[in-house]
Amino acid sequence: MAKILTGVLSGALVALTCASATAAPTIADCDGAFATVQAGAVPAAATAMDARAYWLDRQLIQWPGANSTGNVKLYYSATAQLRATPGQRVQGADGALLLSPSNAPAPAALAQRFKFIGKGPLLAVAPEDVARMPALLTGQLLLVREAPDGTVLDATTAQLPGALDDLYASAVNTPDLGVTVGANNTGFRLWAPTAQNVAVCTYASGSSKASALTAMRRDDATGTWSAQLAGKHSGQYYQYLVDVVAPNAGLVRNLVTDPYSVSLTTDSKRSYIADLGAASLKPAGWDRTPIPKRVSAQPDMAIYELHVRDFSINDATVSAANRGKYTAFTETGSNGMRHLAALSKAGMTDIHLLPVYDITTVPEKGCVSPDIASLPGLKPDGLEQQAAVTAVKFTDCYNWGYDPYHYSAPEGSYATDAADGAKRIVEFRRMVQSLHQIGLRVGMDVVYNHTFSAGQDQRSVLDRVVPGYYHRLDAKGAIERSTCCDNTATENLMMAKLMIDSAELWAVQYKIDSFRFDLMGHQPRAAMEALQARVNRATGRHINLIGEGWNFGEVADGARFVQASQLSLNGSGIGTFSDRARDAMRGGGAADGSAQIASQQGWINGLLYDANAAAAPRTKQDLMDAADMVKVGLAGSLRGFTMQTRHGDSKRLENIVYGGNQPAGYASAPGETVNYVENHDNQTLFDINVFKLPIGTTTAERAQVQILGAAINAFSQGVPYFHAGFDILRSKSLDRNSFESGDWFNRLDWTYRDNYFGTGLPREEDNGKDHALMRPLLARAAEIRPTPQDIAWSRDAFRDLLAIRASSTLFRLRTAHDVEQRLRFYNTGAQQVPTVIVGRLDGAGYAGARFKAITYVINADKVAQQVAIKEEQGRRYRLHPVHLRAGAADRRIAAGAKYDTTTGAFSVPARSAVVFVEE
């Protein structure tokens, strides 16, 4: 074996254009350290340097802020030996290239791409040296400005993406990155253009020692490395050995998993070799199980956002082995699955799963879950609960999953056996299959905007394969972290390709129906549109895309590219979450602290009309402003929709100001708006209402306020989005950020007996500043916590709303023109009843409308209201059939809601949302 291996390696090395400066790897390296410095270790030889310059393409370098005096040279060292000390000559160089000032400005396309960098000299590699750049880029490069005597005046490195995207642009067309299992062989392909040498280690199992080491050959046109092994190696595992110069680390040999891994062994230690088309990796009937065809246009979607572990870990009707796992969804008789089936029957179309790709922070073997319920003396406002959660913070079984490790592999902690790479594939598919079988489409929450680790960290994958390429860097070369973690750079060709290839894999191989993109505004619109085209083409159907279009960080306001953000996606058909009605309904903003959290009430929880003890002074005009912003949401936040404001003037929504400096209307089509009042982030609506509603509000009234929020979402044009448990008054005991709060603060109760309000003070890290405000509220949990009857009422009232929405396409209008022509608000202007919103939908001639007209009346007030609408006199309205059926949840509506044809007056109960129809 050793003799054969040596021959393979030496033969491959001869063929390389970029010869390695290190000794050939041995099979022992496959079981060695995750990184080994081969040369240039800091601080002995390599100099820790920033990266203030930018490669624009293979020839041009711009050095922002640099002095133009002196000569500028590009020094290189294959073994990372360079040292550049001011006042001394450069040491450790293999050679240098003299750069000349460019005689012309950068080409327009490059100037646009790098518009964000500061002004500075534009330098050019001599034409005769350009052909050397692929080889030189595999070593250490240092840009040095020298004095006439050759001593260093200034030195920096240059950021690589511009050069690599220019040199290896054709790599984006590589169809087989990762592993390909053929009829008689197994192929490996890795994009690593700056590597000096790459080899693949293969293992018989996830824990055995390496069985073979195979050299990989470089393709100079694409910068990819490939190897072919005879025979099928499905079920085995692999890693790559990549010899590469890493910033400030020297020339290192990285033992690393595949960025294109489709599965892994425990804790992502090794990548798994799989043919995803193999029958052995498909559950019975997988290819024959149809995808629900319930969404003809994006507004048809109604989404329930769900965490895999939350779904079943607290469900005693699920077998113990399946709790918290993908396979829990296969137990169709469980309380949780019966709940989802009922939602599907009522009109929910999609389950959106919080991240289910491979994540970093949950141990896939030996994670712990504290038995908090058994602790003595627990109090509703106690500290013991959070202490138990915090004590196992780094080893517990819980995380939301916004800590990506491998984007295209299922997470192992949700599999029944994380050590078996096949299990997570099959069980993920079984989960999707089970949800499809009850009529629910499946969406994924994806986090391509950052990775959990970067650089030479052991859990870094991308940066240990192509250092300095996949992440977005600041002006000094440090990784931007505005998203919380290490920001990826999807403006770079191969990071965009990784994202798009990954989404295609999920859509094709796992039948994923839609994607929700975390912090999508950090990605280019062009990349998202390319992704949309690819997944549609690959699946032969439309894959729905929505995401967070927030505008912040180093990319804000188009600083680097046209973003996939709220204000920049109009016309794309991609949906973004709208905070317009959300904030108006809830009151205040998502990041409010103690000073505002209780004082800033919203339209549904008491602003002016039901002030709490801490309420800020508010006016009737404030209440009407909030009502107007709720109407903005009901109209889908559409740019061109016109409505009468509380001032009495009629304005297009794009001319109404939101948040001080943004247009209230930003979307070009209803499908580009996602409406919500609660999701996994921030407090649940029940919890925020604990702060905002007067303490004496009854538990039944709290449930009514919850359903008001649901009704506004359900009646709004666009896509309604609901957090799992919203319908059963879910509480997280006031936790505003429960991503690592464990099962205790994230529980769901499918028996409908408890919503878990008052189960302890939430974690200090994200809530400590508000503990003084929380304690007295949690201490009164017995008064605030809903009864089982309240929970059941809310559950059923929510399903009624889904049924009403599903009953007519008027709640799901297809185009902006449809909304502009068919939706009209009454009770507007300066004389409005500010706690009542009246919207009329004209159904004449509209496919699927079912009714001649629909008028909904939403009353947020704590007393009944009557509103006379002159334009609605003489109609033949009756209550929507759902309100009248025997099982309708809100009996107050059938008993007390009325329409008077003579006066056009609508009478509705307190805190209710009533739908009248005309046939």
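Quick caveat, the model's predicted, so the values are computed rather than measured.

**Observations regarding the overall build of the protein chain**
Line of reasoning, step 1. Summing up its helical and strand segments, the protein chain has 24 helices and 42 strands in all.
Line of reasoning, step 2. Principal-axis analysis of the C-alpha atoms places the extent of the protein chain at approximately 95 × 60 × 55 Å.
Line of reasoning, step 3. By residue count, 62% of the 919 residues in the protein chain fall in the buried class.
Line of reasoning, step 4. Accessible surface, the protein chain: about 31300 Å² in total, of which carbon and sulfur atoms supply 52%.
Line of reasoning, step 5. In the protein chain, the 91 positive side-chain charges and the 90 negative ones have mean positions that sit 4 Å from each other.

**Quick word on the state of the cysteines**
A covalent bond between the sulfur atoms of two cysteines is referred to as a disulfide.
Line of reasoning, step 1. Using the criterion set out here, one finds 3 disulfides in the structure.
Line of reasoning, step 2. Paired by a disulfide, cysteine 30 and cysteine 201 hold their sulfur atoms 2.0 Å apart. Across the S-S bond of cysteine 30 and cysteine 201 the torsion is about -80°, and the bridge reads as left-handed. Taken as a pair, cysteine 30 in the loop between helix H1 (2-15) and strand S1 (35-39) and cysteine 201 in strand S12 (residues 195-203) lie far apart in primary sequence, 171 residues in all.
Line of reasoning, step 3. Disulfide partner of cysteine 484: cysteine 485, at an S-S distance of 2.5 Å. Looking along the S-S bond of the cysteine 484-cysteine 485 disulfide, the torsion reads about -85°, which is the left-handed sense.
Line of reasoning, step 4. Look at cysteine 484 and you get partly exposed, because its relative accessible area is 43%.
Line of reasoning, step 5. Here cysteine 485 falls in the buried class, since its relative accessible area comes to 10%.

**Section: the pattern of salt bridges**
Line of reasoning, step 1. Scanning the entire structure with this criterion turns up 57 salt bridges.
Line of reasoning, step 2. The closest approach of N and O atoms between aspartate 310 and arginine 730, which form a salt bridge, is 3.0 Å. Taken together, the positions of aspartate 310 in helix H5 (residues 308-312) and arginine 730 in the loop between strand S34 (719-723) and helix H17 (742-746) put the pair 420 residues apart, joining distant regions of the chain.
Line of reasoning, step 3. The partner of aspartate 513 in a salt bridge is arginine 541, with the nearest N and O atoms 2.8 Å apart. Note that aspartate 513 is positioned in the loop between helix H10 (493-509) and strand S26 (514-517) and arginine 541 in the loop between helix H11 (525-539) and strand S27 (544-547), a separation of 28 residues in sequence.
Line of reasoning, step 4. Three or more residues are tied together by salt bridges with common partners; here these are Lys393, Glu740, Arg763, Glu765 and Asp766.

**Quick word on the side chain of threonine 490**
Line of reasoning, step 1. Here threonine 490 shows up in the loop between strand S25 (486-487) and H10.
Line of reasoning, step 2. Those residues in contact with threonine 490 that sit more than four places away from it in its chain are Tyr448, Arg472, Met495, Ala496, Met499, His522, Gln523, Pro524 and Ala527.

**Overview of unusual backbone geometry**
Line of reasoning, step 1. Look at cysteine 484: it is not a glycine, yet its phi comes out positive at around 115°.
Line of reasoning, step 2. Along the chain, cysteine 484 falls in the loop between helix H9 (462-465) and S25.
Line of reasoning, step 3. Located in the positive-phi region is aspartate 557, a residue other than glycine, with phi close to 60°.
Line of reasoning, step 4. Examined against the element boundaries, aspartate 557 turns out to sit in the loop between S27 and strand S28 (575-578).
Line of reasoning, step 5. We classify aspartate 557 as exposed; its relative accessible area is 67%.

**Quick word on the confidence of the model for the protein chain**
Line of reasoning, step 1. Here the protein chain shows a mean pLDDT of 95. Residues at 70 or above account for 97%.
Line of reasoning, step 2. Confidence drops under a pLDDT of 50 for residues 1-18, and excluding neighbours within four residues, the segment shows 26 contacts in the predicted structure.
Line of reasoning, step 3. Note that pLDDT drops below 50 for residues 42-46; the model gives that stretch 11 contacts with residues more than four away or on any other chain.

**Some points on the side chain of aspartate 445**
Line of reasoning, step 1. In this fold, aspartate 445 is placed in strand S23 (residues 441-446).
Line of reasoning, step 2. Judged by its relative accessible area of 2%, aspartate 445 falls in the buried class.
Line of reasoning, step 3. A polar side-chain atom of aspartate 445 sits 3.1 Å from a polar atom in the side chain of arginine 516.
Line of reasoning, step 4. Apart from residues no more than four positions distant in its own chain, aspartate 445 is found in contact with Leu353, Leu354, Pro355, Tyr357, Tyr402, Arg516, Asp518 and His680.

**Notes on the environment of threonine 673**
Line of reasoning, step 1. With respect to the helices and strands, the residue threonine 673 is situated in strand S33 (residues 673-675).
Line of reasoning, step 2. For the pair threonine 673 and glycine 633, spaced 40 residues apart in the sequence, the C-alpha separation amounts to 8.8 Å.
Line of reasoning, step 3. For threonine 673, the contacting residues outside a window of four places in its chain are Gly575, Thr576, Ser578, Gly636, Ser637, Tyr666, Ala667, Gly718 and Val719.

**Remarks on helix H16 (residues 699-715)**
Line of reasoning, step 1. Between its first and last C-alpha atoms H16 spans 25 Å; for 17 residues at 1.5 Å apiece the expected length is 24 Å, and the two agree.
Line of reasoning, step 2. Counting buried positions over the 17 residues of H16 gives 15, a clear majority of the element.

**Describing the packing of aromatic side chains**
Line of reasoning, step 1. In this structure the tally under the stated criterion is 35 aromatic pairs.
Line of reasoning, step 2. Pairing tryptophan 506 with tyrosine 510 gives two aromatic rings, centres 4.7 Å apart and planes at 40°, and the pair type is tilted. Just as tryptophan 506 is buried, tyrosine 510 falls in that class too.
Line of reasoning, step 3. Judged by centre distance (6.1 Å) and plane angle (50°), the rings of phenylalanine 726 and phenylalanine 798 are tilted. With a gap of 72 residues between them, phenylalanine 726 in the loop between S34 and H17 and phenylalanine 798 in helix H21 (residues 788-806) connect regions that are remote in the sequence. Take phenylalanine 726 and phenylalanine 798: they sit in the same class, and that class is buried.
Line of reasoning, step 4. Grouped by ring-pair contacts, the aromatic residues Tyr326, Tyr414, Phe428, Trp506 and Tyr510 constitute a single cluster.

**Considering the packing of H10 against H11**
Line of reasoning, step 1. Between H10 and H11, the shortest axis-to-axis distance is 9 Å and the interhelical angle comes to 30°. Classified by the interaxial angle, the pair formed by H10 and H11 is roughly parallel. Like other packed secondary-structure pairs, H10 and H11 cross with a definite hand, here right-handed. Facing Ala496, Met499, Ile500, Asp501, Ala503, Glu504, Ala507 and Val508 of H10, the residues of H11 in contact are Ala527, Met528, Ala530, Leu531, Arg534, Val535, Ala538 and Thr539.
Line of reasoning, step 2. Residues that form the contact of H10 with H11 fall into these classes: 12 nonpolar, 1 polar and 3 charged.

**Brief notes about the sheet that holds strand S35 (residues 823-826)**
Line of reasoning, step 1. Overall, antiparallel pairing links the 5 strands, which are arranged S35-S36-S37-S42-S39 in an open sheet. Where the open sheet ends on each side, the last strands, each with one partner, are S35 and strand S39 (877-879). Neighbour to neighbour, the strand axes of the sheet diverge by 25° on average, direction disregarded.

**A word on the nonpolar core**
Line of reasoning, step 1. Ranked by internal contacts, the top residues of the largest apolar core, which has 221 residues, are Trp55, Leu340, Phe515, Trp603 and Phe715.
Line of reasoning, step 2. Broken down by element, this core gets its largest block of residues, 10 residues, from H10.
Line of reasoning, step 3. Residue contacts for leucine 340: discarding those within four places in its chain leaves Tyr304, Leu306, Phe311, Phe329, Ile351, Leu435, Ile438 and Leu440.
Line of reasoning, step 4. With 16 residues, the next largest nonpolar core counts Ile869, Ile893, Phe906 and Val914 among its residues.

**Some details on the sheet that holds strand S41 (residues 905-908)**
Line of reasoning, step 1. Spatially, S38-S41-S40 is the arrangement adopted by the 3 strands of the open sheet, whose pairing is antiparallel. Every other strand in the sheet has two partners, leaving strand S38 (865-868) and strand S40 (898-900) as the edge strands with one partner each. Strand-to-strand, the axes of this sheet are offset by a mean angle of 15°, without reference to chain direction.
Line of reasoning, step 2. Sheet topology places S38 next to S41; 4 bridges connect them, and they run antiparallel. Counted as the bridge partner of glutamine 865 is valine 908 from S41.

**Thoughts on the packing of helix H6 (residues 335-346) against H21**
A pair of packed helices is captured by two measures, namely the crossing angle of their axes and the spacing between those axes.
Line of reasoning, step 1. Where H6 meets H21, the closest approach of the two axes is 8 Å, and the angle between their N-to-C directions is 35°. For the pair H6 and H21, contact is made by His339, Ala342, Leu343 and Ala346 and by Arg795, Phe798, Arg799, Leu802, Ala803 and Ala806, respectively.
Line of reasoning, step 2. A class-by-class count of the residues in the contact of H6 with H21 yields 7 nonpolar, 1 polar and 2 charged.

**What to know about the environment of leucine 841**
Line of reasoning, step 1. Within the secondary structure layout, leucine 841 lies in strand S36 (residues 836-842).
Line of reasoning, step 2. Along the sequence, leucine 841 and phenylalanine 811 sit 30 residues apart, while their C-alpha atoms lie 8.1 Å from each other.
Line of reasoning, step 3. Setting aside residues up to four positions removed in sequence, leucine 841 forms contacts with Gln717, Leu810, Phe811, Leu813, Arg822, Leu823, Ala853, Ile854 and Tyr856.

**Brief notes about the pairing of S12**
Line of reasoning, step 1. Taking burial as the measure, the 9 residues of S12 include 9 buried ones, the bulk of the element.
Line of reasoning, step 2. Alignment of S12 against strand S16 (residues 237-246), held across 8 bridges, turns out to be antiparallel. Paired with cysteine 201 across the bridge in S16 is glutamine 239.
Line of reasoning, step 3. Relative to strand S13 (residues 210-215), S12 runs antiparallel, the two sharing 5 bridges. Looking across to S13, one finds that valine 200 is bridged to threonine 214.
Line of reasoning, step 4. Where S12 folds back onto S13 in an antiparallel hairpin, the turn is made up of 6 residues.

Calculation notes
- Residues numbered from 1 in each chain as written.
- Predicted model: local features only at pLDDT ≥ 70, side-chain atom pairs only at ≥ 80, totals over all residues.
- Heavy atoms only, no water.
- Helix = DSSP H or I, 4+ residues; strand = E, 2+ residues; numbered from the N terminus.
- Buried < 20%, exposed > 50% of the residue type's maximum accessible area, 1.4 Å probe, protein only.
- Areas by Shrake-Rupley, 256 points an atom, 1.4 Å probe, with all protein chains shown as cover.
- Lys, Arg positive; Asp, Glu negative; His and termini not counted.
- Charge placed at Lys NZ, Arg CZ, Asp CG, Glu CD.
- Disulfide = S-S within 2.5 Å.
- Salt bridge = Lys/Arg side-chain N within 4 Å of Asp/Glu carboxyl O.
- Contact = heavy atoms within 4.5 Å.
- pLDDT = per-residue confidence, 0-100.
- Polar contact = N/O pair within 3.5 Å; in protein donor to acceptor, adjacent residues only side chain to side chain.
- Expected span 1.5 Å × (residues − 1).
- Phe/Tyr/Trp six-rings, centres within 6.5 Å; stacked < 30°, edge-to-face > 60°.
- Axes fitted to C-alpha atoms, helices over the stretch in contact; angles between N-to-C directions.
- Parallel < 35°, antiparallel > 145°, perpendicular 65-115°, else oblique.
- Left-handed = near helix turned anticlockwise from the far one by under 90°.
- Nonpolar A, V, L, I, M, F, W, Y, C, P; charged D, E, K, R; others polar.
- Pairing = 2+ DSSP bridges.
- Core = buried A, V, L, I, M, F, W, Y, C linked by side-chain atoms within 4.5 Å.

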